[in-house]
Amino acid sequence: MSILAIYPGSFDPLTNGHVDIITRGSRLFDRIVVAILVNADKAPLFTMTERVEITRAVFKDQPNVEVDTFEGLLVDYVDRRKAQVIVRGLRAVSDFEFEFQMALMNQRLNDRIDTIFMMPAEQYTYISSRLIKEIFTLGGRVHGLVPDMVEERLRQKVSGERKQ
Ligand code: PNS
């Protein structure tokens, strides 16, 4: 049986921690779908089109990584895709409480879907999209924490704001 995994999230923006989890997932499962939630945040930094474009560009050479978007309940999307697994990254114990709650709620909503937690490489355990946005907008360096394409797009956004 081939295993299809769904890696859901906001990815605003994609970080090297996400990239690490997707790469690990692509080695473990037959296919992994990066599923970007539509409307996760009413004022995202990156539009949905940008997030899809960036993620597709980063994984263009990995044929078993697909990028898609979803709306509504995650378990309904997973069911529609006939996937068996939800992948979530766990960086620290502090992530665990919320992730555990979500995994159990999703299990209650659909008992045929299992959540698999994966740990990123140690150097990515302190990265989050929220911190990346904050650091960059305040003029800090995010080099090495996000894919080059994200860094470039962040730079364009900040210089666009300065021109206004
Ligand atoms: O990257 P994030 O913001 O941590 O991802 C959270 C996400 C998208 C996985 C979660 O908010 C989600 O699954 N939203 C879809 C709506 C849903 O199914 N909610 C019930 C979760 S138990």
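A brief structural summary. (Residues numbered from 1 in each chain as written. Predicted model: local features only at pLDDT ≥ 70, side-chain atom pairs only at ≥ 80, totals over all residues. Heavy atoms only, no water.)

1. Thoughts on the overall build of the chain
Worth spelling out the cut-off: Runs of H or I in DSSP of at least four residues are treated as helices and runs of E of at least two as strands, each being numbered from the N terminus. To get the radius of gyration, use the C-alpha atoms; to get the globule rule, take the number of residues to the power 0.38 and multiply by 2.2 Å. Think of it in three bands: with a 1.4 Å probe and only protein chains considered, a residue is buried below 20% of the maximum accessible area for its type, exposed above 50%, and partly exposed in between. Contacts between residues were defined by any pair of non-hydrogen atoms, one from each residue, lying within 4.5 Å. Here, Shrake-Rupley sampling with a 1.4 Å probe gives the accessible areas, and only protein chains in the shown set may cover a residue.
Along its length, the chain carries six helices and five strands. Going from the N terminus to the C terminus, the chain shows its helices and strands as β-α-β-α-β-α-β-α-β-α-α. For the chain, whose C-alpha radius of gyration is 16 Å, the value lies close to the compact-globule estimate of 15 Å for 164 residues. Projected onto its principal axes, the C-alpha coordinates of the chain cover approximately 50 × 30 × 30 Å. In the chain, which comprises 164 residues, the proportion classed as buried is 45%. Long-range pairs, those at least 24 residues apart, make up 76% of the contacts in the chain between residues at least 6 apart in sequence. Put simply, the chain shows about 9,600 Å² of open surface, and 52% of that area lies on carbon and sulfur atoms.

2. Comments concerning the site of the ligand
We count it as follows: Nearness of a residue to a molecule or strand requires only that one of the residue's heavy atoms be within 4 Å of it. Two N or O atoms count as a polar contact when they lie within 3.5 Å, although within protein this holds only if one can serve as hydrogen donor and the other as acceptor, and sequence-adjacent residues are included solely when both atoms are side-chain atoms. Three categories are distinguished: nonpolar for Ala, Val, Leu, Ile, Met, Phe, Trp, Tyr, Cys and Pro, charged for Asp, Glu, Lys and Arg, and polar for the others, with Gly belonging to the last.
The environment of the ligand is made up of Pro8, Gly9, Ser10, Leu37, Phe70, Gly72, Leu73, Leu74, Arg88, Met102, Met105 and Asn106. In the environment of the ligand, an oxygen atom lies 2.8 Å from a nitrogen or oxygen atom belonging to the backbone of Leu74. A distance of 2.9 Å separates an oxygen atom of the ligand from a polar atom in the side chain of Arg88. Against a free-state accessible area of 550 Å², the protein chains account for coverage of 70% of the ligand. The element that contributes the greatest number of residues to the shell around the ligand is helix 4 (residues 93-109), accounting for three residues. Within the shell around the ligand, the residues separate by chemical class into seven nonpolar, four polar and one charged.

3. Notes on the nonpolar core
As a reminder, the rule being used: Among buried residues, those of type Ala, Val, Leu, Ile, Met, Phe, Trp, Tyr and Cys that are joined through side-chain atoms within 4.5 Å constitute a nonpolar core.
Counting 32 residues, the largest nonpolar core has Ile22 and Val87 as the members making the most contacts within it. Those residues in contact with Val87 that lie beyond four places of it in its chain are Ala5, Ile6, Tyr7, Pro8, Ile21, Phe29, Ile32, Ile116 and Met118. Counting residues in hydrophobic clusters, the runner-up holds twelve residues, among them Leu4, Val75, Val78 and Ala83.

4. Here's the deal with the sheet that holds strand 1 (residues 4-9)
Under the convention used in this document: Should DSSP find at least two bridges between two strands, the strands are regarded as paired. Here an angle of 0 to 180 degrees is reported between the N-to-C directions of two axes, which are lines fitted to C-alpha atoms, with helices fitted over the stretch in contact.
Strand order in the open sheet made by the five strands is 3-2-1-4-5, with parallel pairing throughout. Of all strands in the sheet, those bounded by a partner on one side alone are strand 3 (65-70) and strand 5 (114-118). Sheet twist, expressed as the mean angle between neighbouring strand axes with direction ignored, is 30 degrees. Where strand 4 (residues 85-89) and strand 5 come together, five bridges link them in parallel fashion. Bridging from a neighbouring strand, Val85 pairs with Asp114 of strand 5. Contacts from helix 2 (residues 48-58) reach strand 2 (31-37) and strand 3, with the element oriented near 160 degrees to strand 2.

5. Some words on a nonpolar patch on the surface
What counts is decided by this rule: Only residues whose relative accessible area exceeds 30% and that form no salt bridge are eligible for patches; like-charged ones are grouped when within 9 Å, while nonpolar side chains (Val, Leu, Ile, Met, Phe, Trp, Tyr) are grouped when within 5 Å. When a carboxyl oxygen of Asp or Glu lies within 4 Å of a side-chain nitrogen of Lys or Arg, that pair is called a salt bridge.
A contiguous nonpolar patch, built from Val93, Phe96, Phe100 and Leu104 and spanning about 390 Å² of accessible area, is present on the exposed surface. Mapping Leu104 onto the fold places it in helix 4.

6. Some remarks on the environment of Glu53
By the secondary structure assignment, Glu53 is in helix 2. Apart from the residues lying within four places of it in its own chain, the contact partners of Glu53 are Met149 and Arg153. Within polar-contact distance, the side chain of Glu53 engages the side chain of Arg153 at 2.5 Å.

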